[in-house]
Structure formats: structure tokens, C-alpha cells
Amino acid sequence: FSNNYKYWVFVSLMLVKENNKNEINEKLNTFGDYVKMEYLSNCLKKPLDYDTRRFVLTKLAELNESKKMYLAAGKMMRSAGDINVTSQAKINDFVKSAGLFIKAGNYDEADVSASKAISIANGQQKEEIKNMVKEIYKNQAGFHKEKDQKKQEMEVYEKLLTFGLDENERNEVQNRLMTIYENLGKMREYFSLKRSRI
């Protein structure tokens, strides 16, 4: 009986009666993080106005990020960007989404989000976005280096080589890659990169 009772109490808590941002936010304060995530997911199944839907998506992204569930957080931020109304706000959401996908190690999805940001940007903004995304990759490489995660660090640096790097950046990335290749015993990659630099 008690398990069944608890289940129905939980289900009744999860039924979404709230219709706007303030009501949803108020109800959120009564839950722990995982219940918040369940509740917000249920909110998305309702027809919500744009502002409320974006609020729910952003909150869900924050909660997922705080639990290191970066892939889910990246998807939520991209969805928030898709429904945002101003181009600058869209760009911010898409760049944030790209950063979360980079943290998740999913560079294909990061490319999709970055491309969405670039597609709505003007000339100067396009360069700014590329530089922002490049810096996110550099920071991620630094994070992996600090944690001695050589394979992940290698993957980030290989991705960075596809960016428009200046000569100093390219040399720095290639030097670090050669060290990692040597440490991981990837001698074919090591010599291939060494030859390409001559």
C-alpha cells in the first residue's frame, strides 16, 4: 500500500496545472533537483506561451548542466535558441548550446549549434562567434590536460586544428598534439604531423 500511495502522491505532484512562468517557478521551489527535472519535462508536454516555454527549457538546461548531463543541457539550450525572438538572444543560446556539447564531447552537435548562431549573425558577429567557440575548445583542452585525460585532450586539439588558427595558435596546438601522440604511442599520427610541419 505505502509504495502505491507514494507513487500516486508523486504522480499528482507531477501533474502540471501551472500555465505561466511565475506559477511554474513558484512550484519549482518546493522540489529537489531531480523532481524539478521531471516536473519541467512534463511542463514541456503542455501548450505553453513562448516566454514560459523558453523559461522551462533554460531551467532544464541549467539543472542538467549542474548534474554534468551536458548533452541533454545542450539540446535544451538549442531548443531555447530556436524559439527565441531576437537574433542576439538566439546567438547567445546557440553559443551556450555549442559550449555544452563541447563539454559533452559531442563536437558534431557543437558544430550544428555554432552553425545556427553563425547563420543569423552579421559579418563582425560571425568572427566573434568563431572566436568564442574556439576559446571554449581551448578551455576544454585545458580542462582535460589538468585531469590528465590525454585521449579527450587529443580529440579537442584535433578539432581545434580545423579552425582558422593563427600561426602561433597552430604551432602551440601541433606541439601539444605531438607530445600527446608520443605519450599515447600513436607514432603514425606523430610522424604524419611532424612531416606536415616540415
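Note: the structure precedes this text.
Residues numbered from 1 in each chain as written. Predicted model: local features only at pLDDT ≥ 70, side-chain atom pairs only at ≥ 80, totals over all residues. Heavy atoms only, no water.

**Considering the nonpolar core**
Within soluble globular proteins, side chains that are nonpolar tend to cluster in buried spots. Our working definition: Here, nonpolar core means buried Ala, Val, Leu, Ile, Met, Phe, Trp, Tyr and Cys residues that are tied together by side-chain atoms lying within 4.5 Å of each other. Partly exposed describes any residue whose relative accessible area lies between the buried limit of under 20% and the exposed limit of over 50%, with all areas from a 1.4 Å probe on protein chains only and scaled to the type maximum. Each helix is a run of H or I in the DSSP string that is no shorter than four residues. Each strand is a run of E no shorter than two, and both are numbered from the N terminus. The contact rule is simple, with two residues in contact once any of their heavy atoms fall within 4.5 Å.
Judged by nonpolar contacts, the single largest core of 28 residues is most densely connected at Ile 129, Val 133, Tyr 137, Tyr 157, Leu 160 and Leu 177. Tallying contributions element by element places helix H6 (residues 87-104) first for this core, with six residues. Beyond its immediate sequence surroundings of up to four residues, Leu 160 is in contact with Lys 134, Tyr 137, Lys 138, Leu 165 and Val 173. The next biggest cluster of nonpolar side chains, apart from the first, holds 16 residues, and it includes Ile 24, Phe 31, Met 37 and Cys 43.

**Comments concerning the environment of Val 16**
Tracing the chain through its elements places Val 16 in the loop between helix H1 (2-14) and helix H2 (21-28). Along the chain, Val 16 and Arg 195 lie 179 residues apart, while their C-alpha atoms are 62 Å from each other. If we ignore the near neighbours within four places in the chain, the residues touching Val 16 are Tyr 39, Asn 42, Cys 43 and Lys 46.

**Notes on the environment of Phe 191**
Residue position: Phe 191 is located in helix H11 (residues 187-196). When the C-alpha atoms of Phe 191 and Pro 47 are compared, they prove to be 57 Å apart, with 144 residues separating the residues in sequence.

**Considerations on unusual backbone geometry**
A positive phi is found at Lys 68, a non-glycine position, where the angle reads about 60°. With respect to the helices and strands, Lys 68 occurs in the loop between helix H4 (50-66) and helix H5 (70-83). With a phi close to 55°, Asp 148 is a non-glycine residue in the positive phi region. Along the chain, the position of Asp 148 falls in the loop between helix H8 (123-146) and helix H9 (150-160).

**Some thoughts on the packing of aromatic side chains**
So the rule is basically this: Only centres within 6.5 Å qualify two rings of Phe, Tyr or Trp (six-membered ring in Trp) as a pair; their planes then separate them into stacked at under 30 degrees, edge-to-face at over 60, and tilted for everything else.
Summed over all chains, the structure comprises four aromatic pairs. An aromatic cluster is defined as three or more aromatic residues linked by ring pairs; in this entry it consists of Tyr 107, Tyr 137 and Phe 163.

**Digging into the side chain of His 144**
Mapped onto the secondary structure, His 144 falls in helix H8. The exposure class of His 144 is buried, given its relative accessible area of 8%. Setting aside residues no more than four positions away along its own chain, His 144 makes contact with Gln 149, Gln 152, Glu 153 and Val 156.

**Quick look at the environment of Ile 102**
Along the chain, Ile 102 turns up in helix H6. For the pair Ile 102 and Gln 140, spaced 38 residues apart in sequence, the C-alpha separation works out to 7.5 Å. Not counting chain neighbours up to four residues away, the residues in contact with Ile 102 comprise Tyr 107, Ala 110, Val 133, Ile 136, Tyr 137 and Gln 140.

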